[in-house]
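Residue-level structure breakdown
In case you want the letters, here they are:
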Protein chains: 2
Amino acid sequence: MLLKEPEQGTLADVAAHRLAHSIVTGELAQGQKLNEAELAESFGMGRGPLREALRHLEGMRLVKRIPNVGARVVVLDRKTLSDLYAVREALEGMACRIAALQMTDDEIAQLSALLDSHEEQIKQEGGKVYSQSEGDLDFHYQIVRGSRNEMLMHLLGSEQYQLLRMCRYRTSRNAQRTRPALQQHRQIVDALAHRDGELAELLMRRHIQGAWRSISEMIDKEEKAT
Amino acid sequence: MLLKEPEQGTLADVAAHRLAHSIVTGELAQGQKLNEAELAESFGMGRGPLREALRHLEGMRLVKRIPNVGARVVVLDRKTLSDLYAVREALEGMACRIAALQMTDDEIAQLSALLDSHEEQIKQEGGKVYSQSEGDLDFHYQIVRGSRNEMLMHLLGSEQYQLLRMCRYRTSRNAQRTRPALQQHRQIVDALAHRDGELAELLMRRHIQGAWRSISEMIDKEEKAT
DNA sequence: AAATCTCCGATTGTCGACAATCTAGGCGAA
DNA sequence: TTCGCCTAGATTGTCGACAATCGGAGATTT
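Worth saying up front: this structure is predicted, and the values here are computed from it rather than measured.

On to the UniProt feature "domain: HTH gntR-type" (unreviewed entry) in chain A, then. UniProt tags residues 9–76 of chain A as "domain: HTH gntR-type" (unreviewed entry). This span, residues 9–76 of chain A, is 51% helix and 15% strand, and a straight line between its end C-alpha atoms measures 30 Å.

Around DNA strand D, a shell composed of 17 residues is seen, among which A:Gly70, B:Leu11, B:Gly46, B:Gly48 and B:Asn68 lie nearest. For the surface near DNA strand D, the secondary-structure elements that each account for two or more residues are α2 (36–43) and α3 (47–59) of chain A together with α1 (11–24) and α3 (47–59) of chain B. Residue composition of the surface near DNA strand D, by class: seven nonpolar, eight polar and two charged.

The subject of this paragraph is the pairing of strand β3 (residues 70–73) of chain A. Residue and element names in this part refer to chain A. Residues Ala71 and Val73 of β3 are buried on one face, while the alternating residues Gly70 and Arg72, pointing to the opposite face, are not. Sheet topology places strand β1 (residues 33–34) next to β3; two bridges connect them, and they run antiparallel. For Lys33, the partnering residue across the bridge sits in β3 and is Arg72. As paired strands, strand β2 (residues 63–66) and β3 are joined by four bridges and run antiparallel to one another. By the bridge assignment, Arg65 is partnered in β3 with Ala71.

Below, the discussion takes up the domain arrangement of chain A. Residues and elements named next belong to chain A. Domain annotation of chain A identifies domain 1 (11–73) and domain 2 (78–225). Look at where the C-alpha atoms of domain 1 and domain 2 centre, and you get two points 28 Å apart. Contact with domain 1, which involves eight residues of that partner, is made by seven residues of domain 2. Along the lines of polarity and charge, the residues of the side of domain 1 that touches domain 2 split into five nonpolar, two polar and one charged.

On to the packing of helix α2 (residues 36–43) of chain B against α3(B). The angle between the axes and the distance between the axes are what describe a pair of packed helices. Residues and elements named next belong to chain B. Axis separation between α2 and α3 bottoms out at 9 Å; the angle between their running directions is 110 degrees. By the angle class used here, α2 and α3 are roughly perpendicular. On α3, the residues that touch Glu36, Ala37, Leu39, Ala40 and Phe43 of α2 are Arg47, Leu50 and Arg51. Per-class residue counts for the contact of α2 with α3 are five nonpolar, no polar and three charged.

The rules behind these values
Residues numbered from 1 in each chain as written. Chains lettered and ligands numbered in written order. Predicted model: local features only at pLDDT ≥ 70, side-chain atom pairs only at ≥ 80, totals over all residues. UniProt positions renumbered as here; feature names shortened; annotations may be inferred. Helix = DSSP H or I, 4+ residues; strand = E, 2+ residues; numbered from the N terminus. Near = placed C-beta within 6 Å. Nonpolar A, V, L, I, M, F, W, Y, C, P; charged D, E, K, R; others polar. Buried ≥ 20, exposed ≤ 12 C-beta atoms within 10 Å, placed from the backbone. Pairing = 2+ DSSP bridges. Domains from an automatic or database assignment. Contact = placed C-beta atoms within 7 Å. Axes fitted to C-alpha atoms, helices over the stretch in contact; angles between N-to-C directions. Parallel < 35°, antiparallel > 145°, perpendicular 65-115°, else oblique.

Written out as structure tokens, the structure is:
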């Protein structure tokens, strides 16, 4: 699991994680109003910790707060996702370039092994798109970690990834893009293994651009449907 | 002023801003323990809003919290700043490339005017390094806004800039780098005016790399001194 | 003397109640 | 009918007090 479970620690942290999960999985609909008293009740805690959790989620951009009015789940419209993917392209591209220099041979081998297991999963006909998505994020996160840049890890790992995962849950049911994606992942690992940072960055940027095109088309269809 | 003053709104927001200011200006030393009761008292509010403010600052990476122990002001060591500048280079580079396509002629003209006023300030012998630094950040932020990317604006504007400003307060007293920086700013605006996104990105990246080298040397000196 | 244990003060985490503010619905006037 | 105003209910913002936890001073043992 990508998201560590602090079922110990402060109640505020627990609430933040549970809320994040509910939002990412769509259990809480986009734009839904979040009632403090109600949520606190359902989590079996007071409103204090819950309010702290909401502040945290606000920082992660999973909820939008308005003073004296309340908090709502963020809505992932086209513009928001477009902006997100543009930022991702820049950051993960950079991560790739640096990771090509910083990752150990061992780490790169592990990355390759990760792709093998993904391939195995795909062969087993679909094998829950869910775990494929999570696996994909795993791949990306391992590279980000390889960059050794703490700020990058925080930005992409702990925070923005949640938005991405949220996006996946909405769109990735009919993900026939997994095969070409795997192919691209292999190319990237290849570039990393050859310590070719520039190539790795280029490939990662293309990969993310491709993902965005795919998502974008899906949004178009949804919009036409309505 | 870059930082909007919400002297109205929730107490938590007020506290967050005042704390951020105190941290950025160095009024609160790096690594200093933040006592909730004490701060709440000094701000004339209860601990509830203050705790929410701390949660907010934690998201901004201005403070580091440990459950059941407390919050401390972040320490800007070499690694942290290095990571920050790497991220900045990628993000602001991207911002420049997009801004070259998105900014209106009017906005670019304003940017140019902003540089004129900076030049004026510099001519007046120093004219408070403080305002020069803030002016520099103003310049960078205007370009980020020109990219029309909300996520980027949030990332660089509302949050990470605070870390940068914090860094400036420590290092920029003997900033003899203002003249070449102004020159580089002019080049960037030129590239924007010619709608040359690639060049603008290249120049911005170089500019930020130069700034990092300058900061890095300064840190070296400080470390030798101790 | 060094290391470990124990207890106490201080600090953080949490809750419940109250005040301030917003939203929705009904009422009256144009 | 439609618009605006005003009251009532619900929701958020804030505070003070209590419980849980941690760090450190001092005592104890080897």
